[in-house]
Amino acid sequence: MATGSEHGLKRIVWQKLKDTIIADCRKADIWKILILDPFTTKLVSSCCKMSDLMTEGITIVEDLYKIREPVPEMKAIYFMSPTSKCVDAFIADFKLKPKYKAAYVYFTDYCSNDLFNNMKLYCGKYIRVVKEISMSFLPYEAQVFTCDNPGAFHSIYSPHSRDKRRTMETLADQIVTLCATLGEYPGVRYKKDSNMENSKALAELVDNKLALHYQMEDGGKKKEKTQAQLLIVERGFDPVSPILHELTYQAMAYDLVDIQKDSYKFKSKEGEMEALLNEEDVLWVKLRHMHIAEVIVQIPKLVKEISASKKQPDDKITITGLSQLMKKMPSFRKHMVQKTVHMHLAEDCMAQYWKSVEKLGKAEQDLAVGSDVEGVKVKDPMRTLLPVLLHPHSTHDKIRAVLLYIFSLSGTTEENLNKLIQHVKIGDEREFILNWKELGVTIISSPSLFSRKPSRRERSVDETYNMSRWIPVIKDVMEDAVENKLDTREWPHQSECPAAWNGSGAVSARQKHKASSQDERRGARLIVFIIGGVSYSETRCAYQVTQAVKSCEVIIGSSHLLTPTSLLEDIKALSQGPMETFTISET
């Protein structure tokens, strides 16, 4: 059975769905209908295929909000969010004339008494099961999750927001369901910063909700903390990583190539083709965190392996040749498609690199790191920025360079900023730059104001490529956390972490709480949540640190995944107020 990923979050989510929803329903009739709302459709789709559901006795999957034909002889499983819209749609299925023989109802999270009582009033005699299974997050990859809420950025950071508190409450609830799904009761810490108070507020919410969740689950008994730590930090903590041009395959592709909802479209000899970039694609999993220079080398090697297996001469390894092989060898079709996809995607990435990034890369890296390739400190960042502004780069690329310049100085004067805005010709769109202040990032500073930059971990120059010297700050944090080196003054404890995070300089590999039989991983977990979106370069760090520190698994998540373009658009939109409604009276 293929379930998206043979390990990690996706497998854990699928196993929990089987252990709760499917196991309950197995006791009754063989075949059932599964009815999902938009969120649970994404959730189920992220961790299993229709064939997996068929194996478990689910014969039809339906949309809760669409008109459906009644099937009165079959029982229906409703897996939905605990909202009035979902509950109203459910009641409509049974209130007048029942569409199904019976209903098994599963909520992603806590259902209010009002909603529950409404269901009971109108549909009580048809309901066989009502359960809250604590799963209101999306497993995006083996070690990455999202809350599927890009709008949270505007709700939290816009000065015009009217629903910030509600959004924070919702995010906290979703983080709690992640912890519950993993079977973890973590100690909670947050990044302390006088300009960024949201991390402390969210840490308090999560900690209180975790205590309440486990109190309710264990019948009022106090649950001991597990060997896990949750770190909460804001997007403004590291504004550089999501703006910089990245040269690792996944981050580079999502920045430079038009990929929508993980779907990559390209033209081949056979016409328009479309491929999903997810963990079903084994080659994508192998390549996604490699530097593009390595990817270019690796794809031909992997293609040669396939060719050698069928004695295909090396000099015939072309996209056209691969298309012919696919027709002749159906058993190899899936693997060949993957090779074809990545040859095209890597070519698209490199085309964009030669078009613009090659000329931007060195300047961006020098501004971000604060020194050049030789390690010589950048004394005058304006001299580094000027060639970028004088070159005919796109406006967005120039905005990104200006932002890196400002970040490198921890703010600039208003006079200097106005000159930069005039030079880039974004007078009417200066919000791209000015609105970073809403994230607690200093944009305009006084000449006399001295801002101390946080120290970074020492790294070997041999570890990096010249155009990839910048390391996301969150990687330093992850490494310091698993080595027990986080400063408690900068990372206060909202609640104490268990003894697993011992004082010996490394996380203990011993695990005291009982893990599920499906999750044979041993050791502690570090969960990182970034308020305001997580970049692909930061998700990569979770895998790198886990690989380096065998005794700890790092999981990272946010309200949503972001790209440089989407982040800049979100930043600009912070100036927009909520839509006002009005009526036109007839005269």
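Along each chain, residue indices are assigned from 1 in the same order as the chain's sequence is written. At least 70 in pLDDT is required for a residue's local features to be given in this predicted model, at least 80 for side-chain atom pairs to be given and counted, and no such filter applies to totals for whole chains, interfaces and linings, which use all residues. Heavy atoms from the whole structure form the basis of all side-chain values; hydrogens and water molecules are not counted.

Per an unreviewed UniProt entry, the protein goes by the name Syntaxin-binding protein 3 and belongs to Muraenolepis orangiensis. Its UniProt record gives the protein a comment under Sequence similarities (unreviewed entry), which states: "Belongs to the STXBP/unc-18/SEC1 family." UniProt positions are given in the numbering used here, feature names are shortened, and annotations may be inferred rather than shown by experiment.

### Some points on the overall build of the protein
Counting from the N terminus, the helices are the DSSP runs of H or I reaching at least four residues and the strands are the DSSP runs of E reaching at least two. Counting its regular elements, the protein contains 20 helices and 16 strands. Exposed residues in this analysis have more than 50% of their type's maximum accessible area, buried residues have under 20%, and partly exposed residues fall in between, with area computed by a 1.4 Å probe over protein chains only. By the burial criterion, 55% of the 587 residues in the protein qualify as buried. By sequence separation, contacts in the protein at least 24 residues apart represent 78% of the contacts at least 6 residues apart. For the area figures, the Shrake-Rupley method with a 1.4 Å probe applies, and any residue is considered shielded solely by the protein chains shown. Counting only carbon and sulfur atoms, one obtains 51% of the accessible surface of the protein, whose full area is about 28400 Å². By the convention used here, residues are in contact when the closest approach between their heavy atoms is within 4.5 Å.

### Points about the packing of helix α1 (residues 8-26) against helix α2 (residues 38-47)
Each axis is a line fitted through C-alpha atoms, and for a helix only the stretch in contact is used; angles between axes span 0 to 180 degrees, taken between their N-to-C directions. At a closest axis distance of 8 Å, the pairing of α1 and α2 adopts a crossing angle of 115°. Judged by the inter-axis angle, α1 sits roughly perpendicular to α2. In this structure, the crossing between α1 and α2 has a hand that is left-handed. The segment α1 lies against α2, with Lys 10, Val 13, Trp 14 and Leu 17 engaging Leu 43, Val 44, Ser 46 and Cys 47. By residue class, the composition of the contact of α1 with α2 is six nonpolar, one polar and one charged. Roughly parallel refers to an angle under 35 degrees, roughly antiparallel to one over 145, roughly perpendicular to one between 65 and 115, and oblique to any angle outside these ranges. In this scheme the handedness of a crossing depends on how the near helix is turned from the far one: anticlockwise by less than a right angle means left-handed, clockwise means right-handed. Here the term charged refers only to Asp, Glu, Lys and Arg, the term nonpolar to Ala, Val, Leu, Ile, Met, Phe, Trp, Tyr, Cys and Pro, and the term polar to all other amino acids, Gly among them.

### Thoughts on the sheet that holds strand β8 (residues 187-190)
A strand pair is defined by DSSP finding two or more bridges across the two strands. Pairing is mixed in the open sheet, where six strands are placed in the order β6-β7-β15-β13-β9-β8. One side of each edge strand has no neighbouring strand; the edge strands of this open sheet are β6 (138-141) and β8. Shown here is a sheet whose adjacent strand axes are inclined to one another by a mean of 25°, direction ignored. Note: strand β9 (residues 228-234) against strand β13 (residues 524-531), seven bridges, orientation parallel. Bridge pairing links Gln 229 to Leu 526 in β13. α1 contacts β6, β7 (144-146), β13 and β15 (552-558) of the sheet and is inclined by roughly 145° relative to β6. Running at roughly 150° to β13, helix α18 (residues 473-482) makes contact with β9, β13 and β15 of the sheet.

### Observations regarding helix α15 (residues 395-409)
The terminal C-alpha atoms of α15, which comprises 15 residues, lie 21 Å apart, in line with the 21 Å expected from a rise of 1.5 Å per residue. Extensive coverage of α15 is indicated by the burial of 12 of its 15 residues. Taken residue by residue, α15 has Asp 397, Lys 398, Ile 399, Arg 400, Ala 401, Val 402, Leu 403, Leu 404, Tyr 405, Ile 406, Phe 407 and Ser 408 as its buried positions. Positive phi shows up at Ser 410, right after α15, with a value of about 55°. What a helix should span is 1.5 Å times the count of its residues minus one.

### Here's the deal with unusual backbone geometry
In this structure, Ser 134 takes a positive phi of about 55° despite not being glycine. Within the secondary structure, Ser 134 is located in the loop between β5 (127-132) and β6. Unusually for a residue other than glycine, Lys 425 sits at a positive phi of about 60°. Examined against the element boundaries, Lys 425 turns out to sit in the loop between α16 (414-424) and α17 (431-434).

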